[in-house]
Amino acid sequence: QVQLVESGGGLVQAGGSLRLSCTASGSTFSINVMGWYRQAPGKQRELVADIRTGGQRNYADSVKGRFTIYRAGNTVYLQMNSLKPEDTAVYYCYTHRTSRAPYDFWGRGTQVTVSS
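Quick caveat, the model's predicted, so the values are computed rather than measured.

Novice: Help me out: how do you make sense of the pattern of salt bridges in this one?
Specialist: Side-chain pairing between opposite charges can occur once the charged atoms of the two side chains come close. This model, assessed by the stated rule, comprises 5 salt bridges. As a salt-bridge pair, D87 and R38 come within 3.0 Å of each other at their nearest N and O atoms. Residue D87 is found in the loop between β8 (75-80) and β9 (89-97), and its partner R38 is found in strand β4 (residues 31-39); the two are separated by 49 residues along the sequence. Here D87 makes a salt bridge to R66, at a shortest N to O gap of 2.8 Å.

Novice: Is there a simple way to think about the pairing of strand β3 (residues 18-26) in this case?
Specialist: Note: strand β1 (residues 2-7) against β3, 6 bridges, orientation antiparallel. Note that in β3 the partner of E6 across the bridge is C22. With 6 bridges joining them, β3 and β8 adopt antiparallel strand pairing. Paired with R19 across the two strands is Q79, which belongs to β8.

How each quantity is defined
- Residues numbered from 1 in each chain as written.
- Predicted model: local features only at pLDDT ≥ 70, side-chain atom pairs only at ≥ 80, totals over all residues.
- Heavy atoms only, no water.
- Salt bridge = Lys/Arg side-chain N within 4 Å of Asp/Glu carboxyl O.
- Helix = DSSP H or I, 4+ residues; strand = E, 2+ residues; numbered from the N terminus.
- Pairing = 2+ DSSP bridges.

As structure tokens, then:
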């Protein structure tokens, strides 16, 4: 199993910044993807950004140029700048491993609220 612990959410004014972090523990040796999803009230969960072994990064179009994902060991960070009210959501850390099922793991989520 893999355990994910998130931190860094909170309330910020529009234009402000927050940094989320997520640390994986447990059976982490075959993790090849770490990332962040978000879910706003009444909406489906969507990919925000992920980073793969080798360094490839993927971003949702809505956050390109404002958010940066990076990884240090078993911790993944999401630096969020120029936040907008539409970024308000619960942000979930996600990881995928290749060794054995289950392959996908989720954190409990951290609330990000951006006031206008």
